[in-house]
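# Descriptive analysis of the structure
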Amino acid sequence: MEVKVKLLGESKKLEVIKKGDWIDLYANKDMNLSNRGPNKVVYIPLGVAMQLPKGCEAYLVVRSSTPKKFGIISANSVGIIDNSYSGDTDEWALAVLPIRRTSIEKGDKIAQFRIQLSQKATMWQKLKWLFSSKIKIKYVDSLSKTSRGGFGTTGTK
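Note that the coordinates shown come from a computational prediction; the quantities given were computed from them, not determined experimentally.

Definitions and limits used
Residues numbered from 1 in each chain as written. Predicted model: local features only at pLDDT ≥ 70, side-chain atom pairs only at ≥ 80, totals over all residues. Heavy atoms only, no water. Helix = DSSP H or I, 4+ residues; strand = E, 2+ residues; numbered from the N terminus. Contact = heavy atoms within 4.5 Å. Areas by Shrake-Rupley, 256 points an atom, 1.4 Å probe, with all protein chains shown as cover. Patch = residues over 30% accessible without salt bridge, like charges linked within 9 Å, V, L, I, M, F, W, Y side chains within 5 Å. Salt bridge = Lys/Arg side-chain N within 4 Å of Asp/Glu carboxyl O. Buried < 20%, exposed > 50% of the residue type's maximum accessible area, 1.4 Å probe, protein only. Lys, Arg positive; Asp, Glu negative; His and termini not counted. Core = buried A, V, L, I, M, F, W, Y, C linked by side-chain atoms within 4.5 Å. Pairing = 2+ DSSP bridges. Axes fitted to C-alpha atoms, helices over the stretch in contact; angles between N-to-C directions.

## Structural notes on the overall build of the chain
When helices and strands are tallied, the chain shows 2 helices and 13 strands. Across the chain, contacts joining residues at least 24 apart in sequence account for 80% of those joining residues at least 6 apart. As displayed, the chain offers around 9000 Å² of accessible surface, 49% of which is attributable to carbon and sulfur atoms.

## What to know about a nonpolar patch on the surface
Taken together, the side chains of M123, W124, L127, L130 and F131 make up a nonpolar region of the molecular surface, amounting to roughly 660 Å² of accessible area. Within the secondary structure layout, L130 lies in helix 2 (residues 123–131). The class for L130 is exposed, based on a relative accessible area of 57%.

## Description of the side chain of D108
Looking at the secondary structure, you find D108 in the loop between strand 11 (103–104) and strand 12 (109–117). Buried within the structure, D108 lacks any salt-bridge partner; its nearest side chain of opposite charge belongs to K69, at an N-O separation of 6.2 Å. With residues near it in sequence (within four places) discarded, D108 still touches L25, Y26, A27 and F70.

## Here's the deal with the nonpolar core
Residues L25, I44, M50, W92, I104, I110 and F113 are the most contacted members of the largest nonpolar core, which totals 35 residues. Going through the elements one at a time, strand 1 (2–7), strand 3 (23–26), strand 5 (42–45), strand 6 (48–51), strand 7 (56–62), strand 10 (93–98), strand 12 and strand 13 (134–139) are the ones with two or more residues in this core. In this structure, I44 is in contact with A27, M31, I72, W92, A93, L94, V96, I104 and I110, ignoring residues within four places of it in sequence.

## Observations regarding the side chain of T102
With respect to the helices and strands, the residue T102 is situated in the loop between strand 10 and strand 11. Not counting the four nearest positions on each side in its chain, T102 is found in contact with N32, L33, S34, F70, G71 and I72.

## Re the pattern of salt bridges
Scanning the entire structure with this criterion turns up 3 salt bridges. A salt bridge links R63 to D24; its shortest N-O distance comes to 3.1 Å. Within this pair, whereas R63 is found in the loop between strand 7 and helix 1 (66–70), its partner D24 is found in strand 3, the two being separated by 39 residues in sequence. Classification of D24 as buried rests on a relative accessible area of 19%.

## Some details on the sheet that holds strand 1
Ordered in space as 2-13-1-6, the 4 strands form an open sheet in which the pairing is mixed. For this open sheet the edge positions go to strand 2 (17–18) and strand 6, each flanked by a neighbour on one side alone. In the sheet, strand 1 pairs with strand 6 via 4 bridges, with the strands oriented antiparallel. Looking at strand 6, one finds that V5 is bridged to M50.

## Focus on the sheet that holds strand 5
Read from one edge of the open sheet, 3 strands run 5-10-8, paired in antiparallel fashion. At either margin of the open sheet sits one strand with a lone partner, and together these are strand 5 and strand 8 (72–74). Each neighbouring strand pair of the sheet contributes to a mean axis angle of 50°, computed without reference to strand direction. Looking at chain direction, strand 5 and strand 10 are connected through 4 bridges and run antiparallel. Looking at strand 10, one finds that I44 is bridged to L94.

Honestly, that's just the spatial picture; any functional story needs more than this.
Following this line, the structure appears as structure tokens:
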């Protein structure tokens, strides 16, 4: 199965993986979270836009070391990114809550994701998933879909 990835800025490349493995993601900019108010959700850009295979979605979570190392926890437990969020400017972001004064530096490994079948997958997509052994990352300069309208939106009014 192939995932098209557009790197934004000077992002690090993703590792080629076996199906079901977690893939690490990195902060795409320096962020000082020390003067944020309590319960203030912060979105950390991850420097990638992706076009997931049809019938698939991604589960985005913090790495297990992130709360202790960086003083942030996930604001929404698990982020679900469906395959319609796949335009050139649809940058993935990690929604977090700072739990102490902290800062994140560009390139810090803070999140991970795994690609899974969606409940909307067709029988053909399920069979294709079943018989594939790994995810192939294909780096592209442009993704073929139109941007959906920003993080956290379906693009509908």
